[in-house]
Amino acid sequence: MTIHNNLSSRAAENLKGSNVMLEGVIKANADKFDFKANPNGIINLGVAENQLMTAELRAIFSKVDAADTKLFGYGESPSGSRLLRSHFANNIFNRYFKPCEPVLGEQMVLTAGCSATVDNFTFCVCDPGDGILITTPFYGGFNTDIMAKSKAKVIAVQLGGVSPFGLEQIQLMQDAVDNARLEGIRVRAFVLSNPHNPLGRMFTRELIIAFLRFASKNQIHILFDEIYALSVFDYALTGQAKAEQPDSNPFISILSIPNIEQYCEKELVHVAYGMSKDFCLNGFRCGVLLSPWNKELLDAMRSIAVFTWMASTTEAMLTKLLGDPIIIENFTKTNQARLAESYTYTVDTLRELNIPFLPAQGGHFLWIDLRQFIPSHLVSSAQAGERSAEYLVWRAMLKEGVYVNLGEAFSERLVGFFRLSFSVPVPMLKLGLERMIKACRSASLSDV
């Protein structure tokens, strides 16, 4: 057993467990596939990283002088420049999120990525040991964002057979809050992703209002992660991909709900956004915490913003991109059309292979069921929740040269579910799916 005498107790605690999602990302990024330079590398169908708009982004950013000496120094503010925040307000939130009240630049704090946004939010609303509620399955990065530095606790609400998109979950959420309080844990917030990550579907207005009422009843903050708001593509689907959609609920931003105060105190309601997903810029690291009705929280976020200050070059490039509404409109429409194309190719392939999946409306991914490939001698243990079979399939994929994210990374209780990201060009997607099915079939025959 390793003893970390030279580390703080909180740092040593971070070394105790493994980060399944990060482990896969590091392996895939260390051996990136390229048709010419590295054809035997790993095709990344695990990370929600949109590779469909690289030519457009190159054209936009080529007009920014990255060697401008003004960018060698600090930017205007650790919380983001007034101009960039104004662009977010006017050209993103007010134009696409249909807010009932106009969003202002002064109502947000910018950070170096949405993970930093959630981390700073947690620091500002939680003391160590406090709880943040999330229903499963959920984006696995929230575990790190909430726990690694701020030392809050993720209270994962296992829904079992209850739909994440139905009202029945509210009682399970309340039970989780009540049980946490009995254990001495103060629940401070509820975090949810809309569109949902990893399920790729939207919440109804009725359910959003139920979430608001739940937050008010328990006097907890509610953070709406809306980072995939402009990556909704179901309207562009045709044929079987369109026909198999179970419903057509549109994306509804919390900002568009009128008279929020009827359901919840406004100061408890916040939005997280960023540039990684809708604008395909994971590496630029830009996150947004929008809190229109809680100046105290904004001030608290600003007090620690110096630790998550965006690079000046990043800020200059994003200011160029978001400063032109026509560029944003054309970019968004093209991106959604390409997402629909890659999604359609993926579901057509999965259907041919008889691999079950949950149809998605938005995002970069699908929730797929690979339980049929669990070796027969591991079926009973997998059904009991033992995850070695899931890791067997996952490692077979990596060996075959494709990375797909396993269900454990999303706190999924059932063994054998994976999140498959399809936001790559179709030729790479085709090869990645071929490698995935080959690996699955190989894993199913394993006697290990």
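Residues numbered from 1 in each chain as written. Predicted model: local features only at pLDDT ≥ 70, side-chain atom pairs only at ≥ 80, totals over all residues. Heavy atoms only, no water.

*Asks:* Explanation requested: the packing of aromatic side chains in the structure shown.
*Replies:* Think of a pair of aromatic rings as described by two things: how far the centres are apart, and how the planes are tilted against each other in angle. Taken as a whole and judged by the stated rule, the model has 21 aromatic pairs. Ring geometry for Y228 versus F365: centroids 5.2 Å apart, planes at 85°, classification edge-to-face. Note that Y228 is positioned in the loop between β6 (221-225) and α9 (239-243) and F365 in strand β10 (residues 365-369), a separation of 137 residues in sequence. Of the two residues, Y228 and F365, both sit in the buried class. Note on F233 and F422: the rings are 5.8 Å apart at their centroids and 90° apart in plane angle, and the pair reads as edge-to-face. Residue F233 is found in the loop between β6 and α9, and its partner F422 is found in the loop between β13 (417-421) and α15 (426-444); the two are separated by 189 residues along the sequence. Like F422, F233 is buried. An aromatic cluster of three or more residues is present, and its members are F165, F190, F203, F211 and F214. (Phe/Tyr/Trp six-rings, centres within 6.5 Å; stacked < 30°, edge-to-face > 60°. Helix = DSSP H or I, 4+ residues; strand = E, 2+ residues; numbered from the N terminus. Buried < 20%, exposed > 50% of the residue type's maximum accessible area, 1.4 Å probe, protein only.)

*Asks:* Teacher, can you tell me more about the packing of helix α7 (residues 169-182) against helix α8 (residues 205-218) here?
*Replies:* The description of two packed helices rests on the angle between their axes and on the distance between the axes. One can describe the packing of α7 onto α8 by two numbers: an axis separation of 11 Å at closest approach and a directional angle of 20°. Relative to α8, the element α7 lies roughly parallel. The chirality of how α7 crosses α8 is right-handed. Residues Q169, I170, M173, Q174, V177 and R181 of α7 touch α8, and the partners they reach there are L207, A210, F211, F214, K217 and N218. Tallied by class, residues from the contact of α7 with α8 come to seven nonpolar, three polar and two charged. (Axes fitted to C-alpha atoms, helices over the stretch in contact; angles between N-to-C directions. Parallel < 35°, antiparallel > 145°, perpendicular 65-115°, else oblique. Left-handed = near helix turned anticlockwise from the far one by under 90°. Contact = heavy atoms within 4.5 Å. Nonpolar A, V, L, I, M, F, W, Y, C, P; charged D, E, K, R; others polar.)

*Asks:* I'm lost on unusual backbone geometry in this one. Help?
*Replies:* Excluding glycine, residues mostly have negative phi values, and the peptide bonds linking residues are mostly trans. Across the junction of T136 and P137, the peptide omega takes the value -10°, indicating a cis bond. Within the element layout of this structure, P137 appears in the loop between β3 (131-135) and α6 (141-147). The residue after N194, namely P195, is reached through a cis peptide bond having omega 0°. By the secondary structure assignment, P195 is in the loop between β5 (187-193) and α8. A positive phi angle is found at K98, which is not glycine, with a value near 50°. With respect to the secondary-structure elements, K98 resides in the loop between α4 (82-96) and β2 (108-111). The class of K98 is exposed, set by a relative accessible area of 67%. One non-glycine residue, N259, lies in the positive phi region at around 55°. Positionally, N259 belongs in the loop between α9 and β7 (269-274). For N259, a relative accessible area of 41% puts it in the partly exposed group.

*Asks:* Just to check I follow, could you spell out the environment of A116 for this structure?
*Replies:* Within the element layout of this structure, A116 appears in helix α5 (residues 114-125). Measuring from C-alpha to C-alpha, the distance between A116 and A409 comes to 19 Å, with 293 residues separating the pair along the chain. What A116 contacts, discounting residues up to four positions off in sequence, is T111 and T308.

*Asks:* I tried to follow the pattern of salt bridges on my own but got confused; where do I start?
*Replies:* Pairs can form between side chains of opposite charge whenever their charged atoms are close. Using the criterion set out here, one finds 19 salt bridges in the structure. Residues E101 and K266 are paired through a salt bridge, measuring 2.5 Å at the closest nitrogen-oxygen approach. You can see E101 sitting in the loop between α4 and β2 and its partner K266 sitting in the loop between α9 and β7, a full 165 residues away along the chain. Classification of K266 as buried rests on a relative accessible area of 19%. Through salt bridges with shared partners, a single ionic network connects E101, E261 and K266. (Salt bridge = Lys/Arg side-chain N within 4 Å of Asp/Glu carboxyl O.)

*Asks:* I would appreciate a short explanation of the nonpolar core in the present structure.
*Replies:* Generally speaking, nonpolar side chains in soluble globular proteins are found buried as a group. Counting 122 residues, the largest nonpolar core has F88, F279 and M436 as the members making the most contacts within it. F88 has contacts with F93, M108, L110, Y273, M275, C286, V288 and L322, leaving out every residue within four places of it along the chain. (Core = buried A, V, L, I, M, F, W, Y, C linked by side-chain atoms within 4.5 Å.)

*Asks:* I tried to follow the sheet that holds strand β8 (residues 287-290) on my own but got confused; where do I start?
*Replies:* Note on sheets: strands pair through backbone hydrogen bonds, and any given pair is parallel or antiparallel. Taken together, seven strands build an open sheet; the order of strands is β2-β8-β7-β6-β5-β3-β4 and the sheet is mixed. Edge positions in the sheet fall to β2 and β4 (153-157), since each of these pairs with one other strand and no more. Strand-to-strand, the axes of this sheet are offset by a mean angle of 25°, without reference to chain direction. In the sheet, β3 pairs with β4 via five bridges, with the strands oriented parallel. (Pairing = 2+ DSSP bridges.)

*Asks:* What am I meant to see in the side chain of S81 here?
*Replies:* When you line up the elements, S81 lands in the loop between α3 (54-61) and α4. By relative accessible area, S81 is classed as buried at 8%. In this structure S81 touches E76 and E315, once residues within four positions along its chain are discounted.

*Asks:* Hey, could you run me through the packing of α3 against helix α12 (residues 325-352) in this one?
*Replies:* It is at 11 Å that the axes of α3 and α12 come closest, and there the two elements cross at 165°. The orientation of α3 with respect to α12, classified from their angle, is roughly antiparallel. In this structure, the crossing between α3 and α12 has a hand that is left-handed. Every residue of α12 that contacts α3 at E56, L57 and I60 is listed here: I327, F331, T334 and R338. Residues belonging to the contact of α3 with α12 are distributed by class as follows: four nonpolar, one polar and two charged.

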